[in-house]
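# Inside the fold
For reference, the chains in residue letters:
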Amino acid sequence: MLDWNIMVHYFPFLLKATILTLEISLLSLVLGLIFGLSAALCKLARNPFLRMPATFYIWLIRSTPLLVQLFIIYFGFPQLGIDLGPFMSGVLGLALNVGAYNAETIRGGIISVPRGQTEAARSLGMTINLSMRRIILPQALRIILPPLGNNFIILIKDTSLVSTITLVELTLTAQRLIGSTYKPFEIYLMAAALYAVLTTSASLVLSYLERRTRKEAR
Amino acid sequence: MAFNSINRTDVPMIEICDLEKRFGHLQVLNKINLKVNPKEVLVIIGPSGSGKSTLLRCINHLEEPTGGKIFFEGTLINDSKKNHKAFERHINQIRCRLGMVFQQFNLFPHMTVLENVMEAPVHVLKQNKSEVRDRAIALLDKVGLMDKTGAYPGMLSGGQQQRVAIARALAMEPKAMLFDEVTSALDPELVGDVLRVMEDLARDGMTMLVVTHEMGFAEKVGDRVIFMADGVVVEDAPPHEIFASPKEKRTKLFLAEVLK
Ligand SMILES: Nc1ncnc2c1ncn2[C@@H]1O[C@H](COP(=O)(O)OP(=O)(O)OP(=O)(O)O)[C@@H](O)[C@H]1O
Ligand SMILES: [Mg+2]
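Reading the values: the criteria
Residues numbered from 1 in each chain as written. Chains lettered and ligands numbered in written order. Predicted model: local features only at pLDDT ≥ 70, side-chain atom pairs only at ≥ 80, totals over all residues. Heavy atoms only, no water. pLDDT = per-residue confidence, 0-100. Helix = DSSP H or I, 4+ residues; strand = E, 2+ residues; numbered from the N terminus. Contact = heavy atoms within 4.5 Å. Pairing = 2+ DSSP bridges. Axes fitted to C-alpha atoms, helices over the stretch in contact; angles between N-to-C directions. Expected span 1.5 Å × (residues − 1). Buried < 20%, exposed > 50% of the residue type's maximum accessible area, 1.4 Å probe, protein only. Arc of directions from axis to C-beta. Polar contact = N/O pair within 3.5 Å; in protein donor to acceptor, adjacent residues only side chain to side chain. Near = heavy atom within 4 Å. Areas by Shrake-Rupley, 256 points an atom, 1.4 Å probe, with all protein chains shown as cover. Nonpolar A, V, L, I, M, F, W, Y, C, P; charged D, E, K, R; others polar.

### Here's the deal with the confidence of the model for chain B
All names here are of chain B.
- Summary statistics for chain B give a mean pLDDT of 93 and a share of 97% for residues scoring 70 or more.
- Per-element confidence in chain B is highest for strand 6 (residues 98-101), whose mean pLDDT is 98, and lowest for helix 1 (residues 2-6), whose mean pLDDT is 43.
- Scored below 50 in pLDDT, residues 1-7 makes zero contacts in the model with residues more than four places away or belonging to other chains.

Below, the structure written as structure tokens:
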């Protein structure tokens, strides 16, 4: 059955790698939010010079696999003289990827806020930016939060793909430990458990945030 | 400037010249000419689709006119000579002095009643928060909602929501107010409270443009009534004239229908 000694002995190594996975996740989360919000607002803009690049970005990301996107950034970009290294490449790839999905989520939320809200805000002399910030986005947030949370849970799990570009996060650490211990079941089981801890914590934080935004509603 | 202020009282609050609005091929407003003087209450009546809402929405530029000119206190509103940024600033300044109340209330559901009323004075006019709060509470008292300041709009009746919407517009201390069928979405028993608030406002000297189907209100509170049909002003007269002895056949038919 399970070799407990191996598990106890190697758990600290995996835990340490989990911290890197968490860092990658959080950084991509923040960047992915910025990319997503910008792309959503650009795609909603009337100006085609804003709308077209945003539409293209969202289409490009959603129609290609994340793994290939990571390979292009990590292996392909250096050919153009852009060598970001594994960490930056990984974070950028993940953030661009989740950003495109966030963009569609955020755009959907903004569209779902009734037009009368914008009209009321504008009739009070608010600028487009102010009405977006004070009136539309807070209401959209309530609708956006659950699907956005889903994107982030997927993001946490997708960080395992950056193991393929030599970033020694949780999955690659596990692989390396298996190379020296020949105990794949034990090691991968622990890695899976650690991912589950990350995603479950994220879910808990999200449902707390959802409850808070809903309480404000009525 | 001095010249301007000398003639202040002669300048109409709102002046509309040959206003046109088309949606694609649909001509919704066709050469509308109208003057509204300070403190005047103008009631706009007419069948559905005649362009009443579009007229109000052109005045505060929620709709962009396709022709003609609209002046607010002598200032051209739809000034096409301004570039995009300058026009934004220009129109926002005008909207600060020209309140609007909508049929569907459009309160901000994520804010309390008090926050709804305080929002624009604090964030648009950048007025002192505690002064705005005092004014907002006084306004809510005036519309009979003193006890609802902490409530969210979703917890209020339609009539209460609409009175908050009126208070929200008044908090900007506007020079004129646009009302677009503000009682049409209300249960009949809630209409009276809202109309009373509007009546008080008229008595206090507010310049008002009121689109309504409440003929009783039009007769009692209106200084002038215009009847619109198919995008034109068919008749323009004091209420007692238009209700007692309408000149135009279409006005007669319409009034016979609604007063039935
Ligand atoms: N955004 C729009 N796009 C196209 N057509 C529009 C638009 N807004 C209004 N219309 C049309 O313009 C006409 C006038 O509409 P408007 O809402 O001004 O009428 P109204 O007099 O306010 O009617 P009601 O009493 O039903 O509110 C209608 O035929 C309507 O379908
Ligand atoms: Mg209307």
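Text resumes after the structure shown.
### Points about the sheet that holds strand 9 (residues 224-229) of chain B
Residues and elements named next belong to chain B.
- Strand order in the open sheet made by the six strands is 6-7-8-3-9-10, with mixed pairing throughout. Each end of this open sheet is capped by a strand with a single partner; those strands are strand 6 and strand 10 (232-237). Shown here is a sheet whose adjacent strand axes are inclined to one another by a mean of 20°, direction ignored.
- One ladder, built from four bridges, connects strand 3 (residues 41-45) with strand 8 (residues 207-211); its direction is parallel. Along strand 8, the bridge assignment pairs Val41 with Met208.
- In the packing of helix 7 (residues 188-203) onto the sheet, the strands contacted are strand 3, strand 7 (176-180) and strand 8, and the crossing angle to strand 8 comes to about 150°.

### Thoughts on helix 2 (residues 48-62) of chain A
Residues and elements named next belong to chain A.
- End to end, helix 2 covers 21 Å across 15 residues, agreeing with the expected 21 Å (1.5 Å per residue, within 8%).
- When we look at burial in helix 2, the residues that qualify are Ala54, Tyr57, Ile58 and Ile61. Looking straight down helix 2, one finds its buried side chains confined to an arc of 95°; they lie on one side. Across from the buried face of helix 2, at angles greater than 90 degrees, the exposed residues are Phe49, Met52 and Trp59.
- Along its buried surface, helix 2 packs onto helix 1 (4-44), helix 3 (66-76) and helix 4 (85-112).
- Its side-chain oxygen placed 2.8 Å from the backbone nitrogen of Phe49, Asn47 serves as the N-cap of helix 2.

### Let's talk about the site of ligand 1
Residue and element names in this part refer to chain B.
- Lining the immediate surroundings of ligand 1 are Phe23, Leu26, Val28, Pro47, Ser48, Gly49, Ser50, Gly51, Lys52, Ser53, Thr54 and Glu181.
- Ser50 places a main-chain nitrogen or oxygen 3.2 Å from an oxygen atom of ligand 1.
- Residue Gly51 places a main-chain N or O atom 3.0 Å away from an oxygen atom belonging to ligand 1.
- When ligand 1 sits alone it has 630 Å² of accessible area, and the protein chains cover 61% of it.
- Elements with a minimum of two residues in the shell around ligand 1: strand 2 (26-36) and helix 2 (52-59).
- Tallying contributions element by element places helix 2 first for the shell around ligand 1, with three residues.
- For the shell around ligand 1, the residue count by class is four nonpolar, six polar and two charged.

### Here we look at helix 3 of chain A
All names here are of chain A.
- For helix 3, every residue scored as buried is listed here: Leu66, Gln69, Leu70, Ile73 and Tyr74. Projection of helix 3 onto a plane perpendicular to its axis shows the buried side chains occupying an angular sector of 115°, all on one side.
- Of the surrounding secondary structure, the elements contacted by the buried residues of helix 3 are helix 2, helix 4 and helix 6 (128-158).

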